[in-house]
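Residue-level listing of the chains:
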Amino acid sequence: MYSSDEILKMVNDGIDSLPYDRQPRGLYEPVRYVLSLGGKRIRPVLMMLAYNLYQEDPKEILLPAIGLETYHNYTLLHDDLMDRADVRRGKPTVHKLWNDNAAILSGDSMLVLAYERILACDERHLPQVLRLFTRTALEIGEGQQYDMEFETRDDVTEAEYIEMIRLKTSVLLACALKLGAILADAPQTDADALNRVGEKLGLAFQLQDDYLDVYGDFAVFGKKIGGDILCNKKTFMLINAFLLADARQRGELLSWMQASDYRDEDKISAVTRLYNELGIPALATEKINSFYNEAEQTLQQIDLPAERKQPLLAFMRGMLRRQS
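What you see is a predicted model; the values in this text were computed from it and never measured.

**Student:** Is there a simple way to think about the layout of surface pockets in this case?
**Tutor:** Over the atoms, a rolling probe the size of a water molecule traces out where space has been left empty. Here the second largest pocket is characterised by a volume of approximately 230 Å³. Among the secondary structure elements, those contributing two or more residues to the lining of the second largest pocket are α12 (236–244) and α13 (247–258). Looking at which element gives the most residues to the lining of the second largest pocket, the answer is α12, with four residues. Looking at the lining of the second largest pocket residue by residue, the class counts come to seven nonpolar, two polar and four charged.

What follows is the structure, encoded as structure tokens:
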């Protein structure tokens, strides 16, 4: 059995050794740059940990796992462009360091490279792997579209928000775990259970990301704190703030959302204060823990020795304790 730290090293070493020998260099340099920025590598680590539940050497699926990480970073590259974000993991984003056209074209190439790397899996599993990955990629696009549409709506419900983040974030974690199980020839019931683990874990993870966007430390989080507030994003916290607010608080929230002339720090401070008044941090933490507990309970029910599940379980618990 391998620990998540050992698998993470495999992933990082594998990414560092990827060849970029195609031309023109200007197309692939942003791809190399994005993947060199690091990150937690959650999706390839989950995929290899799931594989290691049933097979002894997770390095057998290293390149397909890196393919999943390539796809994830492709979505971030385009997200940053759409959000006009200047910073990712404490470094300039591609459209800032190069330009918008480079971000679009290199991002498109990352998507193709993701498929090329995933195609390196065992041919026996290829049809099932491609069906799952392609469906997941379509769902992520659907989630992104919902997220964009929510920006112009004032009536987004909590249920709609949860479904949006399930599509935008959770399904890729679910895909990672299920792909690992498929490639390891796990029983179908186990693969399906691991898919459910990933969905619940992903919901907890995204809600925590929303929480850290308001209450995190920039030096640790790697992104500007309060970005969701400045963009009026319909997060779990904003939706519930409107539900719980009295007339005065609701009016103040609306005033900040409709304002066009303000200092960023003033808006962030004011909305954060309202969240605190309304008990939003505790409400968000309760929801995060609820989804995480569902994920852990589902994993515990899979019929495998406890010691084989321990590395995956430890990694999941570490995700919940993160500050970035």
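Text resumes after the structure shown.
**Student:** Could you clarify how one ought to interpret unusual backbone geometry in this entry?
**Tutor:** Excluding glycine, a negative phi dihedral is what most residues carry, and trans is how most peptide bonds are arranged. Residues Q23 and P24 are joined by a peptide bond in cis, for which omega reads 0°. Relative to the elements of secondary structure, P24 occurs in the loop between α1 (4–16) and α2 (25–36). With a phi close to 55°, N232 is a non-glycine residue in the positive phi region. Within the element layout of this structure, N232 appears in the loop between α11 (227–230) and α12. For N232, a relative accessible area of 17% corresponds to the buried category.

**Student:** In this structure, what is going on with the side chain of Q208? I would like to understand it.
**Tutor:** Note that Q208 resides in helix α9 (residues 188–215). Here the side chain of Q208 touches L320 through a polar contact of 2.6 Å, landing on its backbone oxygen. Sequence-distant contacts of Q208, defined by excluding residues within four places in its chain, comprise I288, M319, L320, R321 and R322.

**Student:** What's the story with α9 in this structure? I'm lost.
**Tutor:** It helps to recall that an α-helix has 3.6 residues per turn; residues three or four apart then point in one direction. Between its terminal C-alpha atoms α9 stretches 40 Å, which fits the 40 Å expected from 28 residues at 1.5 Å a residue. Counting buried positions along α9 gives 20 out of 28 residues, so the element sits mostly inside the fold.

**Student:** Looking at this model, I keep getting lost on the packing of α12 against α13. Mind explaining?
**Tutor:** Pairs of packed helices are described in terms of their axes, by the angle between the two and the distance that separates them. Running from amino to carboxyl end, α12 crosses α13 at an angle of 140°, the nearest separation of the two axes being 8 Å. Taken together, the axes of α12 and α13 lie oblique to each other. Seen along the crossing, α12 lies across α13 with a hand that is left-handed. From α12, L238, A241, F242, L243 and L244 reach across to α13, where they touch Q249, R250, L253, L254 and M257. Split into classes, the residues belonging to the contact of α12 with α13 amount to eight nonpolar, one polar and one charged.

**Student:** Can you help me understand the environment of N73 in this one?
**Tutor:** Along the chain, N73 falls in helix α4 (residues 62–83). Considering only alpha carbons, one finds N73 and V34, 39 residues apart in sequence, at a separation of 6.9 Å. When near neighbours in sequence (up to four residues on either side) are disregarded, N73 contacts V34, L35, R41, R89 and M110.

**Student:** What is the right way to read the packing of helix α3 (residues 42–52) against helix α16 (residues 306–320) from this model?
**Tutor:** In the contact formed by α3 and α16, the axes pass within 8 Å of each other and the chain directions differ by 160°. Considering their axes alone, α3 and α16 lie roughly antiparallel with respect to each other. Note on packing geometry: the crossing formed by α3 with α16 is left-handed. Contacts between α3 and α16 involve I42, V45, L46, L49 and N52 from the first element and R308, P311, L312, F315 and M319 from the second. Here the residues of the contact of α3 with α16 sort into eight nonpolar, one polar and one charged.

**Student:** I'm lost on the pattern of salt bridges in this one. Help?
**Tutor:** Any two side chains of opposite charge can pair, so long as their charged atoms come close to each other. One pass over the full model with this rule turns up 26 salt bridges. Its salt-bridge partner being K287, residue E158 comes within 3.2 Å of it at the nearest N-O pair. One end of the pair, E158, is in helix α8 (residues 158–183); the other, K287, is in helix α15 (residues 280–301), with 129 residues separating them in the sequence. A residue is classified by how much of its surface remains accessible, and E158, at 23% relative accessible area, is partly exposed. What makes K287 partly exposed here is its relative accessible area of 27%. A salt bridge links K200 to E294; the nearest nitrogen and oxygen atoms lie 3.6 Å apart. Here E294 lies in helix α15 and K200 lies in helix α9, a separation of 94 residues in the sequence. Via salt bridges that share partners, R248, E252, R273 and E277 belong to a single interconnected network.

**Student:** Honestly, the packing of aromatic side chains in this entry has me stumped. Any pointers?
**Tutor:** Ring pairs (aromatic) are described by centroid distance and by the angle formed between their planes. Evaluation of the coordinates by the stated rule reveals seven aromatic pairs. On the basis of an interplanar angle of 70° and a centroid distance of 5.4 Å, the ring pair of Y33 and W98 is categorised as edge-to-face. In this pair, Y33 sits in helix α2 while W98 sits in the loop between α5 (94–97) and α6 (100–118), placing the two residues 65 residues apart along the sequence. By relative accessible area, which is 15% here, Y33 ends up buried. Residue W98 is classed as partly exposed on the basis of its relative accessible area, which comes to 32%. One aromatic cluster is present, built from ring pairs that chain together Y71, Y74, Y115 and F133.

The rules behind the values
- Residues numbered from 1 in each chain as written.
- Predicted model: local features only at pLDDT ≥ 70, side-chain atom pairs only at ≥ 80, totals over all residues.
- Heavy atoms only, no water.
- 1 Å grid on protein atoms, 1.4 Å probe; cavity = no way out; pocket = protein on both sides within 12 Å on 5 of 7 lines; lining within 4 Å.
- Points joined across faces, edges and corners; volume = space filled by probe spheres on them.
- Helix = DSSP H or I, 4+ residues; strand = E, 2+ residues; numbered from the N terminus.
- Nonpolar A, V, L, I, M, F, W, Y, C, P; charged D, E, K, R; others polar.
- Buried < 20%, exposed > 50% of the residue type's maximum accessible area, 1.4 Å probe, protein only.
- Polar contact = N/O pair within 3.5 Å; in protein donor to acceptor, adjacent residues only side chain to side chain.
- Contact = heavy atoms within 4.5 Å.
- Expected span 1.5 Å × (residues − 1).
- Axes fitted to C-alpha atoms, helices over the stretch in contact; angles between N-to-C directions.
- Parallel < 35°, antiparallel > 145°, perpendicular 65-115°, else oblique.
- Left-handed = near helix turned anticlockwise from the far one by under 90°.
- Salt bridge = Lys/Arg side-chain N within 4 Å of Asp/Glu carboxyl O.
- Phe/Tyr/Trp six-rings, centres within 6.5 Å; stacked < 30°, edge-to-face > 60°.

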